[in-house]
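Remarks on the overall topology
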Amino acid sequence: TYSYLGHQTGGQWRRASVHGASSVQALLDAQKKMGDQQDANEKSARMGTEASAICPSHDDYIWHAVAGNVGTVGRGGAAFSTYYVCDQTRESQADAIVKGMLAPVYDKMVADGKLKSWGWLEHIVGGKYRRVETISATDVKSLMEARAALIEVMDGNPGGELLTAICGDHTDYIWEIKAQAP
């Protein structure tokens, strides 16, 4: 799968290129193949050089989906992603909280059509962020309405408080989905 995201609101990143695969090795193999193809094509190589000049720095992360339907369904036109810094000794507890206490809330919102997708992903390779929670909806307005409904539903949910105790530091982003492919 593939998504290209444009920054709407939030942290420092302005664009995100998201590639999905069945395994870490399949992802790395696909990235190498894409890089080799780009290097072999003069026009693509020039465009790559131009893109690197426009966006001279980047962060690479590899994530693994722990819960949700992200990667198995198309995302909506907008996404809200929260990148968490977590207590590494308690990350499996955070995953259990999401799967056991929060997933039913997200799944119901997908079933009700308020969300297109949601996901809880664990860090495999990358920087300081150890978990990502992401939701998508048709557009930014629908996304923010769904997020407000989630906050209301989660008020008083002990899972939310426990999760915050484990993964307290975070950065939020609202992304516009510029392109995606299955």
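Refer to the structure presented above.
Notes on the structure follow. (Residues numbered from 1 in each chain as written. Predicted model: local features only at pLDDT ≥ 70, side-chain atom pairs only at ≥ 80, totals over all residues. Heavy atoms only, no water.)

1. Looking at the overall build of the protein
- Secondary structure assignment for the protein yields five helices and seven strands.
- Moving toward the C terminus, one meets the helices and strands of the protein in the order β-β-α-α-β-β-α-β-β-α-α-β.
- Taken over the C-alpha trace, the protein has a radius of gyration of 17 Å; the compact-globule value for 182 residues is 16 Å, and the two agree within 12%.
- Judged by the C-alpha coordinates and their principal axes, the protein covers about 55 × 35 × 30 Å.
- When burial is assessed residue by residue, the protein has 34% of its 182 residues classed as buried.
- The long-range fraction of contacts in the protein, counting pairs at least 24 apart against all pairs at least 6 apart in sequence, stands at 76%.
- Entry remark: accessible area of the protein is about 10400 Å², with carbon and sulfur atoms responsible for 52%.
- Of note, the protein has its 18 positive side-chain charges centred 4 Å away from the centre of its 22 negative side-chain charges. (Helix = DSSP H or I, 4+ residues; strand = E, 2+ residues; numbered from the N terminus. Rg over C-alpha atoms; globule rule 2.2 N^0.38 Å. Buried < 20%, exposed > 50% of the residue type's maximum accessible area, 1.4 Å probe, protein only. Contact = heavy atoms within 4.5 Å. Areas by Shrake-Rupley, 256 points an atom, 1.4 Å probe, with all protein chains shown as cover. Lys, Arg positive; Asp, Glu negative; His and termini not counted. Charge placed at Lys NZ, Arg CZ, Asp CG, Glu CD.)

2. Remarks on the environment of Leu162
- With respect to the element layout, Leu162 can be found in helix α5 (residues 158-166).
- The class of Leu162 is partly exposed, set by a relative accessible area of 38%.

3. As for the state of the cysteines
- Across all of its chains, the model carries one disulfide by this definition.
- In this model Cys86 forms its disulfide with Cys167; the gap between the sulfur atoms is 2.1 Å. The chirality of the disulfide connecting Cys86 with Cys167 is right-handed, given an S-S dihedral of about 110°. With Cys86 in the loop between β4 (78-85) and α3 (91-111) and Cys167 in the loop between α5 and β7 (169-181), this pair connects stretches of sequence that are 81 residues apart. We note that Cys86, like Cys167, is buried. (Disulfide = S-S within 2.5 Å.)

4. Quick notes on the sheet that holds strand β3 (residues 62-68)
- Judged by pairing direction, the sheet is antiparallel, and its seven strands sit side by side in the order β2-β1-β7-β4-β6-β5-β3 without closing on themselves. Each having just a single partner strand, β2 (15-19) and β3 make up the two edges of the open sheet. On average, each strand axis in the sheet is inclined to that of its neighbour by 30°, with strand direction left out of account.
- With seven bridges connecting them, β4 and strand β6 (residues 131-137) associate as antiparallel partners. Bridging from a neighbouring strand, Tyr83 pairs with Val132 of β6.
- Sitting on the sheet, α3 touches β3, β5 (117-125) and β6, and the angle it makes with β5 is about 160°. (Pairing = 2+ DSSP bridges. Axes fitted to C-alpha atoms, helices over the stretch in contact; angles between N-to-C directions.)

5. Points about the nonpolar core
- Membership of the largest hydrophobic core comes to 26 residues, with the highest contact counts inside it found for Tyr106, Trp118, Trp120, Ile135, Leu150 and Leu163.
- Counting residues per element, the ones that place at least two in this core are β4, α3, β5, β6, α4 (140-154) and α5.
- It is α3 that contributes the most residues to this core, eight residues altogether.
- Within the second largest apolar cluster, 11 residues are counted, among which are Tyr61, Ala79, Val132 and Ile177. (Core = buried A, V, L, I, M, F, W, Y, C linked by side-chain atoms within 4.5 Å.)

6. Quick notes on α4
- The terminal C-alpha atoms of α4 lie 21 Å apart, and with 15 residues this matches the ideal 21 Å at 1.5 Å per residue to within 8%.
- In this structure, the buried residues of α4 make contact with β4, α3, β6 and β7.
- The N-cap residue of α4 is Asp139: its side-chain oxygen and the backbone nitrogen of Lys141 are 3.3 Å apart.
- Immediately downstream of α4, the backbone of Gly156 shows phi near 90°, a positive value. (Expected span 1.5 Å × (residues − 1). Polar contact = N/O pair within 3.5 Å; in protein donor to acceptor, adjacent residues only side chain to side chain.)

7. Things to note about the pattern of salt bridges
- Enumeration according to the criterion identifies nine salt bridges in this entry.
- Among the charged side chains, a network of salt bridges with common partners joins Glu91, Asp95, Glu122, Arg130 and Arg131. (Salt bridge = Lys/Arg side-chain N within 4 Å of Asp/Glu carboxyl O.)

8. Overview of the pairing of β2
- One ladder, built from five bridges, connects strand β1 (residues 2-10) with β2; its direction is antiparallel. By the bridge assignment, Tyr4 is partnered in β2 with Ser17.
- Where β1 folds back on β2, the antiparallel hairpin that results is connected by four residues.

Just geometry here; none of it tells us what the structure is for.
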